[in-house]
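Here's the letter readout for the chains.
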Amino acid sequence: MHQPLNNKLYHSSEIQAWEQRWFARQNSRYGLMQQVAWALHVQLIQLFTQQATPIIKIAVCCGQGNNAGDGYLTAKYLKQAGFEVDVYAAPRGASVDLNTAYLEAQAEQLNIITGFAFQQDYDCYIDALFGIGLDRALDQHWQRIIQAINQRQALKIAIDLPSGLNANTGQPLPCAIKADYSFTVLGLKAGLFTGQAQEYTGQVKLLDLIPKDEQLIALAQLSPTTIALPARQAFGHKGSYGHVLIIGGHAQMGGAVMMAAEAASSAGAGKVTVVCHANHHMAILSRAPNLMLRDIDALTITDIQALIAQVDAVSFGMGLGRDAWAEQHYAHWFMPLNQSDLEVVYDADALWFLAKNPILLKHNSYATPHSGEAATLLQTTVAAIEENRIQAIHQLQQRYAGQWVLKGSGSLILQDSLWICTAGNPGMGTGGMGDVLAGMLASLKAQFHEQIELHQIVTLHALAGDLLAQQGMRGLQAQHMSQAIYQVINR
């Protein structure tokens, strides 16, 4: 997904309130509608020239609200620019501005057709059906219209956001236009970047038309995709770059700690120690002889405290398991870790035990659930988490404190404020990717502490996945991430 230059994201209600303040200062409602359509038609003319197939015939699909007014005026300006434009329209609502836009389009002698039975094939379909106010499930009538547009083999443009997509959650209601480009108006909406948004939005471009005022409050920010790590000092040594402790690895689950440890090394940690079941020691050393090993069953409480005193960051929980053995080791490690000054990553089975034994995490704790783990932590369902991921991550922090990553498409990162990661790809939806993130996170925190933020590490992990995906997404494996991580952190 294309990342706009402006990285602030807003709730739809904030955008609507901002608009009202603008109009309260005697700025014209209809004038803003004209600005939207004019700016959009200028962008579209430039975009059309870049297409491999000539764009000549355009269908503009207008709904019943003010978003349709933007569509009518866009159609007018495109016709004036020499394009062949037809408008397909629903019965109009009572808005004065909408009806004025309709009359202007009519005066331009545009062909305005009631309904959405397309009379021919078009080179481009412009979606002006619904704006940001849509927050209900679409009925069967509108679902059929959206599906009919999606089936057309042509360029698809959404005005403000793809119709049917919730502006705040990124969830379809229950379907949405699959746009190639979304030209969003005034400000970026959070729902364009998380949830299922990437399936529908295409490239997001901002029509930034009026000055922001002091009352406009951002909901989140996009995590930048350009990240510069501090240079290494010429006189550095392995003790200069952090000692990472990786804890997990049930007798029957050795792969998770192995991938986390290799990711920690590839991300630049000076030393990495793996604490796991002894069954896995030979396999780990055969893959990565640079790693140090401790038998989790041989450690006393005194040994645990001594290890914690020697390291700089910890990643805890990968492949730990959920049986009595795992519960015993969770109990041995959790309190010393949570009472230490170390930066600690909690992932996988550590989150399962945290849900069973809720306790507040210290601020420099990083919890990294996917939606299933988040549902367990909040005692709800995966569907409820996915319905509103932004609400869910705030609930996680309210209940458990600490800092949080809600993994998935458009991963959410809640530190002191909320960030959304736009990097990453569907190929990363495979076992072990979370273990790799957990190891990478501990590694970069061990090296840089406050010099690197949680959202930057999540983005670096996603960029490594994108680098791997250049060879193809299908079959991408977490065990191959180490080389990509090495390349990304050295850019």
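- By the naming in an unreviewed UniProt entry, the protein goes by ADP-dependent (S)-NAD(P)H-hydrate dehydratase and is assigned to Acinetobacter calcoaceticus.
- In the Subunit (unreviewed entry) part of its UniProt record, the protein is described as follows: "Homotetramer."

Some thoughts on the overall build of the protein
So, step 1. Secondary structure summary: the protein contains 16 helices and 19 strands in total.
So, step 2. For a compact globule of 491 residues, the expected C-alpha radius of gyration is about 23 Å, and the protein comes in at 26 Å, within 12% of that figure.
So, step 3. Dimensions along the principal axes, computed over C-alpha positions, put the protein at roughly 85 × 45 × 40 Å.
So, step 4. Evaluated residue by residue, the protein yields a buried proportion of 57% over its 491 residues.

Description of the UniProt feature "binding site: (6S)-NADPHX" (unreviewed entry) in the protein
So, step 1. UniProt feature "binding site: (6S)-NADPHX" (unreviewed entry): in the numbering of this structure it lies at Ala256, Gly319, His370 and Asp435. Of the annotated residues named above, the ones that line the largest pocket are Ala256, Gly319, His370 and Asp435.
So, step 2. With respect to the helices and strands, Ala256 occurs in helix 6 (residues 255-266).
So, step 3. Exposure remark for Ala256: the relative accessible area of 11% places this residue in the buried category.
So, step 4. Within the fold, Gly319 resides in the loop between strand 14 (313-318) and helix 9 (324-338).
So, step 5. Excluding its chain neighbours within four sequence positions, the residues that come into contact with Gly319 are Gly248, Gly249, His250, Met253, Ala256 and Asp349.

Considerations on the domain arrangement of the protein
So, step 1. Once the domains are mapped, the protein shows domain 1 (8-221) and domain 2 (243-489).
So, step 2. Contacts between domain 1 and domain 2 engage 12 residues on the former and 13 residues on the latter.
So, step 3. When domain 1 packs against domain 2, the two sides together hide about 1100 Å² of surface, and 52% of this comes from carbon and sulfur.
So, step 4. Its largest share of buried area at the contact with domain 2, domain 1 owes to Thr194, Gln198 and Gln221, together 44% of the area lost on that side.
So, step 5. Put simply, domain 1 and domain 2 have 0 salt bridges between them.

Points about the nonpolar core
So, step 1. In this structure, Ile58, Tyr72, Phe316 and Trp333 are the most contacted members of the largest nonpolar core, which totals 107 residues.
So, step 2. Ranked by residue count, the leading element in this core is helix 2 (residues 29-49), at 10 residues.
So, step 3. Formed jointly, this core draws a minimum of three residues from each of two domains, domain 1 (8-221) and domain 2 (243-489).
So, step 4. Every residue in contact with Phe316, bar those within four places of it in the chain, is listed here: Ile247, His329, Tyr330, Trp333, Phe334, Leu337, Val345, Tyr346, Asp347 and Ala350.

A look at the pairing of strand 3 (residues 84-89)
So, step 1. Buried residues dominate strand 3, accounting for 5 of its 6 residues.
So, step 2. Where strand 2 (residues 57-62) meets strand 3, 6 bridges bridge the pair, whose relative direction is parallel. The residue of strand 3 that forms the bridge with Lys57 is Glu84.
So, step 3. Remark: the strand 2/helix 3 (residues 66-80)/strand 3 crossover connection has right-handed handedness.
So, step 4. Across 4 bridges, the pairing between strand 3 and strand 4 (residues 111-114) is parallel. By the bridge assignment for strand 4, Ala89 is matched with Thr114.

A few points about the pairing of strand 15 (residues 343-346)
So, step 1. Judged by which residues are buried, strand 15 turns out to be covered on both faces: Glu343 and Val345 on one side and Val344 and Tyr346 on the other are all buried.
So, step 2. With 3 bridges connecting them, strand 15 and strand 16 (residues 361-367) associate as parallel partners. Across the sheet, Val345 pairs through a bridge with Tyr366, a residue of strand 16.
So, step 3. Following the chain from strand 15 across helix 10 (residues 349-356) to the adjacent parallel strand 16, one finds a crossover that is right-handed.

What to know about the packing of helix 6 against helix 16 (residues 481-489)
So, step 1. For the pair helix 6 and helix 16, interaxial distance at closest approach is 8 Å and the crossing angle is 25°. Relative to helix 16, helix 6 is oriented roughly parallel. Relative to helix 16, helix 6 is oriented so that their crossing is right-handed. Between helix 6 and helix 16, the residues in contact are Glu262, Ala263 and Ser266 and Ser482, Ile485, Tyr486 and Ile489, respectively.
So, step 2. Of the residues contributing to the contact of helix 6 with helix 16, the split by class is 4 nonpolar, 2 polar and 1 charged.

Focus on the sheet that holds strand 11 (residues 243-248)
So, step 1. Strand order in the open sheet made by the 12 strands is 8-1-10-19-18-17-16-15-14-11-12-13, with mixed pairing throughout. Bordering the open sheet on either side are strand 8 (188-189) and strand 13 (292-295), each of which pairs with just one other strand.
So, step 2. When strand 11 meets strand 14, the two strands line up parallel, connected through 5 bridges. Bridged to Leu245 within strand 14 is Val314.

Considerations on the environment of Leu9
So, step 1. Summarising the element assignment, Leu9 is placed in strand 1 (residues 8-10).
So, step 2. As for Leu9 and Leu285, which are separated by 276 residues in sequence, their C-alpha atoms are 46 Å apart.

With respect to helix 15 (residues 454-469)
So, step 1. The terminal C-alpha atoms of helix 15 lie 23 Å apart, and with 16 residues this matches the ideal 22 Å at 1.5 Å per residue to within 8%.
So, step 2. The element helix 15 is largely enclosed, with a buried count of 13 among its 16 residues.

Some points on unusual backbone geometry
So, step 1. Cis peptide bonds are those with omega within 30 degrees of zero, and the linkage from Leu173 to Pro174 qualifies with -10°.
So, step 2. Checked against the element boundaries, Pro174 lands in the loop between strand 6 (155-159) and strand 7 (181-185).
So, step 3. The backbone of Gln109 shows a phi angle near 60°, a positive value even though the residue is not glycine.
So, step 4. Its location among the elements puts Gln109 in the loop between helix 4 (96-107) and strand 4.
So, step 5. Its relative accessible area of 68% is what places Gln109 among the exposed residues.

Focus on the UniProt feature "domain: YjeF N-terminal" (unreviewed entry) in the protein
So, step 1. This chain's UniProt record puts "domain: YjeF N-terminal" (unreviewed entry) on residues 15-217.
So, step 2. Secondary structure across residues 15-217 divides into 34% helix and 19% strand, with the first and last C-alpha atoms of the span separated by 9 Å.

Side note on the layout of surface pockets
So, step 1. Looking at the largest pocket, its volume works out to about 790 Å³.
So, step 2. Mapped onto the lining of the largest pocket, the elements with two or more residues apiece are helix 11 (371-377), helix 14 (433-448) and helix 15.
So, step 3. A per-element tally of the lining of the largest pocket places helix 14 first, with 4 residues.
So, step 4. Each of domain 1 (8-221) and domain 2 (243-489) contributes no fewer than three residues to the lining of the largest pocket.
So, step 5. A volume near 600 Å³ is recorded for the second largest pocket.

About the cut-offs
- Residues numbered from 1 in each chain as written.
- Predicted model: local features only at pLDDT ≥ 70, side-chain atom pairs only at ≥ 80, totals over all residues.
- Heavy atoms only, no water.
- UniProt positions renumbered as here; feature names shortened; annotations may be inferred.
- Helix = DSSP H or I, 4+ residues; strand = E, 2+ residues; numbered from the N terminus.
- Rg over C-alpha atoms; globule rule 2.2 N^0.38 Å.
- Buried < 20%, exposed > 50% of the residue type's maximum accessible area, 1.4 Å probe, protein only.
- 1 Å grid on protein atoms, 1.4 Å probe; cavity = no way out; pocket = protein on both sides within 12 Å on 5 of 7 lines; lining within 4 Å.
- Contact = heavy atoms within 4.5 Å.
- Domains from an automatic or database assignment.
- Buried area = accessible area lost by both parts, 1.4 Å probe.
- Salt bridge = Lys/Arg side-chain N within 4 Å of Asp/Glu carboxyl O.
- Core = buried A, V, L, I, M, F, W, Y, C linked by side-chain atoms within 4.5 Å.
- Pairing = 2+ DSSP bridges.
- Right-handed = clockwise from strand over helix to strand, strands pointing away.
- Axes fitted to C-alpha atoms, helices over the stretch in contact; angles between N-to-C directions.
- Parallel < 35°, antiparallel > 145°, perpendicular 65-115°, else oblique.
- Left-handed = near helix turned anticlockwise from the far one by under 90°.
- Nonpolar A, V, L, I, M, F, W, Y, C, P; charged D, E, K, R; others polar.
- Expected span 1.5 Å × (residues − 1).
- Points joined across faces, edges and corners; volume = space filled by probe spheres on them.

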